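Working through the structure, step by step
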Amino acid sequence: MGWTTRSEASPVKLGILISGRGSNMVSIAEACASPDFPADVALVLSDKPTAAGLDKAASMGIATAVVEPGAFADRGEFEAALIATLQQHEVEGVCLAGFMRLLGGGFLAAYRDRVLNIHPSLLPAFPGLDVQQKALDHGVRYSGCTVHFVTEEMDAGPIVLQAAVPVLGGDDADALAARILEQEHRAYPEAVRLFAEGRLHVVGRTVRIDTPRTDTV
Ligand code: GRF
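Predicted model only: the values in this text are computed from it and were never measured.

1. Topic: the overall build of the protein chain
Scanning the protein chain for helices and strands turns up six helices and nine strands. Taken against the 2.2 N^0.38 rule, which gives 17 Å for 217 residues, the C-alpha radius of gyration of the protein chain at 17 Å falls within 12% of a compact globule. In terms of its C-alpha atoms, the protein chain occupies a principal-axis envelope of roughly 55 × 50 × 35 Å. Across the 217 residues of the protein chain, 48% fall into the buried class. Intrachain contacts of the protein chain at a sequence separation of at least 6 include 63% that bridge at least 24 residues. Between the mean site of the 18 positive side-chain charges and the mean site of the 27 negative ones, the protein chain shows a separation of 4 Å.

2. A word on the site of the ligand
Taken together, Arg-21, Gly-22, Ser-23, Asn-24, Gly-98, Ile-118, His-119, Pro-120 and Glu-184 make up the full set of residues near the ligand. Arg-21 places a polar side-chain atom, nitrogen or oxygen, 2.5 Å from an oxygen atom of the ligand. When isolated, the ligand has an accessible area of 360 Å², and the protein chains bury 85% of it. Given that more than half its atoms are within 2 Å of the pocket grid, the ligand belongs to the largest pocket. Broken down by secondary-structure element, the contributors of at least two residues to the shell around the ligand are helix H1 (23-32) and strand S5 (115-119). Considered class by class, the residues forming the shell around the ligand number two nonpolar, five polar and two charged. Shared between two domains, the shell around the ligand holds at least three residues of each, these being domain 1 (7-112) and domain 2 (119-146 + 160-210).

3. Some thoughts on the nonpolar core
Proteins that are soluble and globular tend to have nonpolar side chains buried together. Ranked by internal contacts, the top residues of the largest apolar core, which has 45 residues, are Leu-14, Ile-16, Ile-28, Val-44, Val-160, Tyr-188 and Val-192. With nine residues, helix H6 (residues 173-196) is the single largest residue contributor to this core. Residue-level mapping places this core at the junction of two domains, with at least three residues from each of domain 1 (7-112) and domain 2 (119-146 + 160-210). Setting aside residues up to four positions removed in sequence, Ile-16 forms contacts with Met-25, Ile-28, Val-41, Leu-43, Val-44, Leu-45, Cys-95 and Ala-97.

Rules used throughout
- Residues numbered from 1 in each chain as written.
- Predicted model: local features only at pLDDT ≥ 70, side-chain atom pairs only at ≥ 80, totals over all residues.
- Heavy atoms only, no water.
- Helix = DSSP H or I, 4+ residues; strand = E, 2+ residues; numbered from the N terminus.
- Rg over C-alpha atoms; globule rule 2.2 N^0.38 Å.
- Buried < 20%, exposed > 50% of the residue type's maximum accessible area, 1.4 Å probe, protein only.
- Contact = heavy atoms within 4.5 Å.
- Lys, Arg positive; Asp, Glu negative; His and termini not counted.
- Charge placed at Lys NZ, Arg CZ, Asp CG, Glu CD.
- Near = heavy atom within 4 Å.
- Polar contact = N/O pair within 3.5 Å; in protein donor to acceptor, adjacent residues only side chain to side chain.
- Areas by Shrake-Rupley, 256 points an atom, 1.4 Å probe, with all protein chains shown as cover.
- 1 Å grid on protein atoms, 1.4 Å probe; cavity = no way out; pocket = protein on both sides within 12 Å on 5 of 7 lines; lining within 4 Å.
- Sits in = over half its atoms within 2 Å of the grid points.
- Nonpolar A, V, L, I, M, F, W, Y, C, P; charged D, E, K, R; others polar.
- Domains from an automatic or database assignment.
- Core = buried A, V, L, I, M, F, W, Y, C linked by side-chain atoms within 4.5 Å.

Here it is, written out as structure tokens:
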């Protein structure tokens with residue numbers, strides 16, 4: 001199933017979900033600030049009122065909201081509130097950017113094939129948490145980052161883009177994480193551009209990327 005192209009019309013409205021520092025959110029918001037970018041950030045939404053990214057978003061003039069899971073009886077109600085908040089801001093596509101929660105089928109049905117995530121490893125290697133340390137412990141020579149569509153299974157959805165970085169002698173988890181993060185800040189805005197241009201099509205567990213259209217007059 002594909003995402004209808006909107007690039008000819010108004011920019012695609014994004015909701016970015018964060019739980020922490022929000023550096024990927026900033027990289028997407030900075031890309032969106034450029035006049036020819038086909039998306040806008042309509043809302044930055046956090047499940048934690050203390051997320052540092054909320055202040056960064058506000059300082060960029062972006063609307064923010066907090067929806068705390070503790071205020072709801074169960075995950076279904078929490079996710080319904082997330083959807084309602086995103087819909088109030090007319091969000092059409094969702095970017096998870098350090099959002100530390102699994103989303104369930106109800107949420108994903110509301111935004112089918114319209115939820116992206118970034119993960120700091122070359123998936124399917126090292127899903128989950130503490131993945132830079134896991135990469136070091138495993139002795140891989142390359143790690144990197146992956147932008148993928150979100151499915152109910154953690155870090156397992158169809159892959160959009162990846163960027164590889166070398167693991168260097170003497171790396172600790174922080175050094176490797178910093179090298180990977182630089183690539184995250186390039187890959188995520190690029191994936192968002194492809195998404196907003198309507199060029200990403202989920203085909204089974206893969207993503208087909210259309211080449212840019214060359215319109216002839
Ligand atoms: C990033 O490493 C991202 O890949 C992972 O969580 C981290 C979030 O960092 N999902 P930030 O909040 O975007 O700075």
